[in-house]
There are 4 protein chains.
Amino acid sequence: MKIKVGVLGATGLVGQRFVQLLADHPMFSLEVLAASERSAGKTYKEACNWYLSEGMPESVKDMTVIKTDPKAKEFEDVDIVFSALPSDLAKELEPKFAEDKLVFSNASAYRMEEDVPLIIPEVNEDHFALIDIQRDNRKWDGAIITNPNCSTICLCITLKPIMDNFGLESVFVSTMQAVSGAGYNGVPSMGILDNIIPYIKKEEEKMETESLKILGKFEDNKVKFADFKVSASCHRVPVIDGHLEAIFVKTSEGAEPEEIKEVMEKFDPLKDLDLPTYAKPIVIKEEEDRPQPRLDRNTGKGMSIVVGRIRKDKIFDVKYLALEHNTIRGAAGASVLNAELYVKKYL
Amino acid sequence: MKIKVGVLGATGLVGQRFVQLLADHPMFSLEVLAASERSAGKTYKEACNWYLSEGMPESVKDMTVIKTDPKAKEFEDVDIVFSALPSDLAKELEPKFAEDKLVFSNASAYRMEEDVPLIIPEVNEDHFALIDIQRDNRKWDGAIITNPNCSTICLCITLKPIMDNFGLESVFVSTMQAVSGAGYNGVPSMGILDNIIPYIKKEEEKMETESLKILGKFEDNKVKFADFKVSASCHRVPVIDGHLEAIFVKTSEGAEPEEIKEVMEKFDPLKDLDLPTYAKPIVIKEEEDRPQPRLDRNTGKGMSIVVGRIRKDKIFDVKYLALEHNTIRGAAGASVLNAELYVKKYL
Amino acid sequence: MKIKVGVLGATGLVGQRFVQLLADHPMFSLEVLAASERSAGKTYKEACNWYLSEGMPESVKDMTVIKTDPKAKEFEDVDIVFSALPSDLAKELEPKFAEDKLVFSNASAYRMEEDVPLIIPEVNEDHFALIDIQRDNRKWDGAIITNPNCSTICLCITLKPIMDNFGLESVFVSTMQAVSGAGYNGVPSMGILDNIIPYIKKEEEKMETESLKILGKFEDNKVKFADFKVSASCHRVPVIDGHLEAIFVKTSEGAEPEEIKEVMEKFDPLKDLDLPTYAKPIVIKEEEDRPQPRLDRNTGKGMSIVVGRIRKDKIFDVKYLALEHNTIRGAAGASVLNAELYVKKYL
Amino acid sequence: MKIKVGVLGATGLVGQRFVQLLADHPMFSLEVLAASERSAGKTYKEACNWYLSEGMPESVKDMTVIKTDPKAKEFEDVDIVFSALPSDLAKELEPKFAEDKLVFSNASAYRMEEDVPLIIPEVNEDHFALIDIQRDNRKWDGAIITNPNCSTICLCITLKPIMDNFGLESVFVSTMQAVSGAGYNGVPSMGILDNIIPYIKKEEEKMETESLKILGKFEDNKVKFADFKVSASCHRVPVIDGHLEAIFVKTSEGAEPEEIKEVMEKFDPLKDLDLPTYAKPIVIKEEEDRPQPRLDRNTGKGMSIVVGRIRKDKIFDVKYLALEHNTIRGAAGASVLNAELYVKKYL
């Protein structure tokens, strides 16, 4: 028996990725597509300007889109909703869905709330324990479970095996982020052709704070933040999909590039769980000019972080490059993997 | 009376920038255009596939290109040559020209030789003193005077006022470099459209070593390298002109962003010399999303470094963005400004 | 004494080009910058997100932007307004301004009205005669004078000397248009990176109908449309500025490529009028791979159409390429040149 | 039993597509990878800088690349070679291979020879009859069978159903071609970023002449060329893969857009043959802004021509847009489909 799920914000760029991942999913049955009033009543095919080159899955084309209303009868039988809502709408609507459903959310609205888990399955599965506290606090039968900001996911997956083996002191990260991260209309072509925009609103703050929560420990019923330091500089470049990050790491105990490489290669905590969206979390490229967004972003169907150029650093211990498909591993895929893990192990 | 000059490698991308800057120069008279055997004998208009959108200066169109031969009679009356030769040719040919001429070179071949000045006029004018030592060592009447690698110039101009006022301990720099930096055929479009190439051969090494020479002191007849540390990660992005650098700085004495900004604003050692290619070395933008390559690269006719987003750093003292027109300030313009300063003050 | 002018829609992409062209104009004094209510009351520097790489002219930075209200007292002394309004606003507001001012409009709203001149100065200056008829019809002291759609201007300037010398029967045109033609937010980067959008709303219709009016004759107090046929196919490509058109022409009398080239070269009806925005209307490139948008769009400060590859056609007489800077010659510059000609010859 | 095949020029861009299509092919067993002397002796993984985002097939990674020598013993058992050789090498080497093998060639060298079939399987299968004549003429046991130039294939597939149903008189075509068509190093990024190059060497000639051969009839032991006229204008745009063509057609009998659409929809001569690389030859999109290269180029695994905007023309009968994946349907896929059809029906 599949679990019935819905998607909130189903017509946008991340919403479409959700639909793509859930359309023929072995654990989930996609029952409800919700979007703004403008789309309500239309078939998904009519309502949605499908942006993905892979083509719209046949099974969703004729589904009728409904308004994102937590009280709509179409949601009655749904157990899980995936949220691709913009932050302000998420803030208002997700709690209502959470009264009786699990909300796996890509929105930033509740990520940093003390009782809301901010999960990367391979990194901090133990934070799911916040769900009980959240339910106590908020008198919900459901819960909000968030995934981090796209750039943060990429960074934290690579930091986790380093932290576990050598400890972390300081991390610099300089990003080169794809335009899809801002949504379909987010970056006008006039702004980015032959150009870089060296500023993404709140992105540096998200990387610098979310990382410490994610890599923190669940203790005494709360998450104790990790105590290393992160400094980020974030930039938008003329690339469609794929965030690339230059990362410089100082460990507590010292580590050589070969050691870092070894612990990254071995890092694979979900490998025996048979989760549908699973891919090896870190894939290491040996070529001196990789990872490259266009060539490597689809590694592991877009779910693997591709790491390259792990090398000795003159100031810290190591520096390396990490690449993530930002709308799959960095958004919709992140939520779906969260849900798969939770359902498999805790439901 | 203008000084007679020639350009070596006059038909390539940097060579064209030299020609553009020198064609109607108030101090220099462009007498000789030298290139490979293939171009020799043709008019510059015929020999050169002019890449610059500004159009070829009228005065050079009908000049006859000669082969890059130090013994050619056309060079007899020439006092200065500007070299845009590739590194291997520079290695072989520049010493022959230096026997009786000043060679202002953009090539990397001799930059790190102990008796060769590696100059940024605003930063280390005192290193011109190496010329006498070089002449003694090599029995030349001329000399080789080099300018740094493009990315290094951008970095060092911004570091100089920081070092002078607060001292320097450590510097991380992550670059987003334009395709023109690799020469016209250097980056195939198949490699860079919708992509980033996170590797530029020897670029990180150049930034990490050249910077220490440039910011070093001339003492006891040699350059004593600066003793802070630089770590670079270099990346090619789909931008035509303009290298953008994310820079993180730890000073010796500690400094607030406002203080850094103030010393950068004031930094202007050449301002009273009336050099033709002079522009204010650092221009600071206040907007939160600048500098941007397409909008800001031509600031100061391509000779100003444009700095933005000077902000407090969580690990070091400050972080900021710096932009440079890589084929003007980062290459041909750098050599020409070196020559202007040297001629004005020392000839 | 300069004529006092204002710009409607001054903060948009075409509005900025108007400001750039008018800021230090020898015939016009720029007195009023009008925009939407949101910008009203701010200085132009505050209200305007300046997109052009040339930098905002000093003289306009501190001008106060007003709301686009025909009754505003600031317009009282203004004799000419240049309109960069969107079509719906132009429809409503331009007639009010035309009651007592000359409105030189880039908007499409009134272009095809029978009594409104649709002018390219080099092509159909005689259509200014419609102004008297317009004033009679509409009881205005001012008038609306329009310039054509960007792609149409490029086409018609090249067709005019052909028509005058050899007659015209049929014209196919296939365009490759820059993203700036859609305004700053018109084309999302997600839509155009590594892509072409083979559709521009109403563009083909505009090219096919406006051309016949422009190349028509003023007779018996109206414009008799030209009787050749135009078929257009319009496409958006990842280029910032510069529309490129592949044009195939069948003349009435037959013509060889050399003859076409000769009449285009000679075509220069405004050359003795000393108009400030004048440039040679057609510049012919001999290289086999020109015109190219990035290299050639600024020819004649963006006011020249650059033509290349004039060659024999297997079906019609000739085919060639024509390039236009779409926001200068194809928009703001077109209006300004209209105004300069009208003021010089008819006021 | 699979037929043993080899690929000539296996490391280039088209060569890689051949390898991708043939690596796990149900009819062919890929036995030999041949390339230049530089690659000989290396494994394919070492020799080949793999450009395709899909990743190199496992089965070829450790194959040893040999020099392209028709006498090499590795070719002894091979029955078919697929040629991605450059034209000059093809001219020299293909005849030697053709002495005892079938050479399915993407090179232009022999396309227009009287006794060489120039085949698009859906269009002119009857031209395979030239093979017997070629063998008689040249005393070969094998044969050279060519596929057309990339842009020509796209055009001719769409013209075939029109010609068969309504006759053809005249065709204009204006192309917007991807950079991959020129090979990996063919188009420098400095030439194409923010730009169009309105010239592709010999491309217009190929489209104008090859089309007439392909759409000609095999009669009296030779191909009688079709007698309509084609005029092409060819342009390179900043797109990675996917040639887009704006096509204007005058039929002999007249045809409405709806009729054209209907005959294109029905056109599917290979559908019952169960060829491995088969896809529906023409897929029609109804949206007003399609086909788009990035979204539609992979239709039918890159083997379908995607047609859109079939509309009435003001001069001819109809105009429409057609898109082709230029390195699959326009190159390697074209050759492979030729071979599949030939083997299935004639061997």
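Residues numbered from 1 in each chain as written. Chains lettered and ligands numbered in written order. Predicted model: local features only at pLDDT ≥ 70, side-chain atom pairs only at ≥ 80, totals over all residues. Heavy atoms only, no water.

If you check an unreviewed UniProt entry, chain A appears there as Aspartate-semialdehyde dehydrogenase from Methanocaldococcus villosus KIN24-T80. Under the UniProt heading Function (unreviewed entry), the note attached to chain A is "Catalyzes the NADPH-dependent formation of L-aspartate-semialdehyde (L-ASA) by the reductive dephosphorylation of L-aspartyl-4-phosphate." Heading Subunit (unreviewed entry) of the UniProt record for chain A holds this comment: "Homodimer." (UniProt positions renumbered as here; feature names shortened; annotations may be inferred.)

S.K.: I'd like a description of the UniProt feature "binding site: phosphate" (unreviewed entry) in chain A, backed by residues and values.
M.R.: Residues and elements named next belong to chain A. Residues given the UniProt feature "binding site: phosphate" (unreviewed entry) here are Arg111 and Lys206. In summary, the annotated positions, though distributed over 96 residues, converge in three dimensions, the widest C-alpha pair being only 9.7 Å. When you line up the elements, Arg111 lands in the loop between strand 5 (102-105) and helix 5 (121-124). The residues touching Arg111, leaving out its near neighbours within four places in the chain, are Asn106, Val116, Leu118, Thr146, Asn147, Pro148, Asn149, Lys206, Glu210 and Lys213. At 3.4 Å, the side chain of Arg111 and the backbone oxygen of Ala107 are in polar contact. Tracing the backbone shows Lys206 in helix 9 (residues 203-214). Not counting residues within four places of it along the chain, the set of residues in contact with Lys206 comprises Ser108, Arg111, Asn149, Thr152 and Ser211. (Helix = DSSP H or I, 4+ residues; strand = E, 2+ residues; numbered from the N terminus. Contact = heavy atoms within 4.5 Å. Polar contact = N/O pair within 3.5 Å; in protein donor to acceptor, adjacent residues only side chain to side chain.)

S.K.: Please provide a residue-by-residue account of the relation of the copies chain D and chain C, values included.
M.R.: The two copies are related by a screw motion: chain D maps onto chain C through a turn of 180° and a shift of 0.0 Å along the axis, at an RMSD of 0.0 Å. Here the copies are linked by what is in effect a two-fold axis. A shared interface surface links the copies, since 100% of the contact residues of chain D are contact residues in chain C too. (Least-squares fit on C-alpha atoms with pLDDT ≥ 70 in both.)

S.K.: Quick rundown of the sheet that holds strand 13 (residues 305-312) of chain C? Include the residues and the values.
M.R.: Residue and element names in this part refer to chain C. Strand order in the open sheet formed by six strands is 10-7-11-14-13-12, with mixed pairing between adjacent strands. At either margin of the open sheet sits one strand with a lone partner, and together these are strand 10 (229-233) and strand 12 (282-284). Ignoring which end each strand starts from, the neighbouring axes of this sheet average 25° apart. Where strand 7 (residues 168-176) meets strand 11 (residues 243-251), eight bridges bridge the pair, whose relative direction is antiparallel. Its bridge partner lying in strand 11, Val171 is registered against Val249. Set on the sheet, helix 9 (residues 257-266) makes contact with strand 12, strand 13 and strand 14 (318-324); between it and strand 13 the angle comes to about 160°. (Pairing = 2+ DSSP bridges. Axes fitted to C-alpha atoms, helices over the stretch in contact; angles between N-to-C directions.)

S.K.: Can you tell me about the interface of chain D and chain C, naming the residues and giving the values?
M.R.: Reports of interface size often rely on the accessible area that becomes lost once the parts have come together. The interface is formed by 50 residues belonging to chain D together with 50 residues belonging to chain C. Regarding the contact of chain D and chain C, the summed buried area is about 4000 Å², with carbon and sulfur atoms giving 58% of it. When the area that chain D buries against chain C is broken down by residue, the three leading residues are Asp194(D), Arg294(D) and Ile315(D), summing to 17%. Our count for the contact surface shared by chain D and chain C stands at 10 salt bridges. The residue Asp194(D) makes a salt bridge to Arg297(C) at a minimum N-O spacing of 2.8 Å. (Buried area = accessible area lost by both parts, 1.4 Å probe. Salt bridge = Lys/Arg side-chain N within 4 Å of Asp/Glu carboxyl O.)

S.K.: Describe the relation of the copies chain D and chain A, with residues and values.
M.R.: Superposing chain D onto chain A requires a rotation of 180° together with a translation of 0.0 Å along the rotation axis, leaving an RMSD of 0.0 Å. Interface overlap between copies: 100% of the residues of chain D at the interface are likewise at the interface in chain A, consistent with a symmetric, same-surface contact.

S.K.: Outline the packing of helix 1 (residues 13-22) of chain D against helix 11 (residues 328-346) of chain D, supporting the account with residue identities and numerical values.
M.R.: All names here are of chain D. Relative orientation of the contacting elements helix 1 and helix 11 amounts to 50°, with a least axis distance of 9 Å. Between helix 1 and helix 11, the crossing angle belongs to the class labelled oblique. Considering the relative orientation of helix 1 and helix 11, their crossing is right-handed. When helix 1 is examined against helix 11, the residues Val14, Arg17, Phe18, Leu21 and Leu22 are found in contact with a partner set consisting of Ile328, Ala331, Ala332, Gly333, Ser335 and Val336. Its residues assigned to classes, the contact of helix 1 with helix 11 comprises eight nonpolar, two polar and one charged. (Parallel < 35°, antiparallel > 145°, perpendicular 65-115°, else oblique. Left-handed = near helix turned anticlockwise from the far one by under 90°. Nonpolar A, V, L, I, M, F, W, Y, C, P; charged D, E, K, R; others polar.)

S.K.: Residues and numbers for the domain arrangement of chain A, please.
M.R.: Residue and element names in this part refer to chain A. Each assigned domain of chain A is listed here: domain 1 (3-149 + 331-346) and domain 2 (150-325). Its C-alpha centre places domain 1 at a distance of 24 Å from the equivalent point of domain 2. Across the boundary between the two partners, domain 1 contributes 34 residues, which contact 39 residues of domain 2. Between domain 1 and domain 2, a total of about 3000 Å² is buried, with carbon and sulfur atoms accounting for 69% of that surface. When the buried area of domain 1 at its contact with domain 2 is split by residue, Glu122, Val123 and Asn149 rank highest and sum to 25% of it. For the pair domain 1 and domain 2, the interface holds two salt bridges. For the salt bridge of Glu210 with Arg111, the shortest nitrogen-to-oxygen distance reads 2.9 Å. Taken together, the elements giving at least two residues each to the side of domain 1 that touches domain 2 come down to helix 1 (13-22), helix 5, helix 6 (130-138) and helix 12 (328-346). If one sorts the elements of the side of domain 1 that touches domain 2 by residue count, helix 12 sits on top with eight residues. When grouped by side-chain class, the residues that make up the side of domain 1 that touches domain 2 number 18 nonpolar, seven polar and nine charged. (Domains from an automatic or database assignment.)

S.K.: Explain the environment of Asn338(A) residue by residue, including any values.
M.R.: Residue and element names in this part refer to chain A. Structurally, the position occupied by Asn338 is in helix 12. Asn338 gets classed as buried once you look at its relative accessible area, which sits at 0%. Along the chain, Asn338 and Glu122 lie 216 residues apart, while their C-alpha atoms are 9.5 Å from each other. When neighbours within four sequence positions are excluded, Asn338 is seen to be in contact with Phe104, Ile119, Ile120, Pro121, Phe128, Thr146 and Asn147. For Asn338, the side chain forms a polar contact with the main-chain oxygen of Ile119, separated by 3.3 Å. (Buried < 20%, exposed > 50% of the residue type's maximum accessible area, 1.4 Å probe, protein only.)

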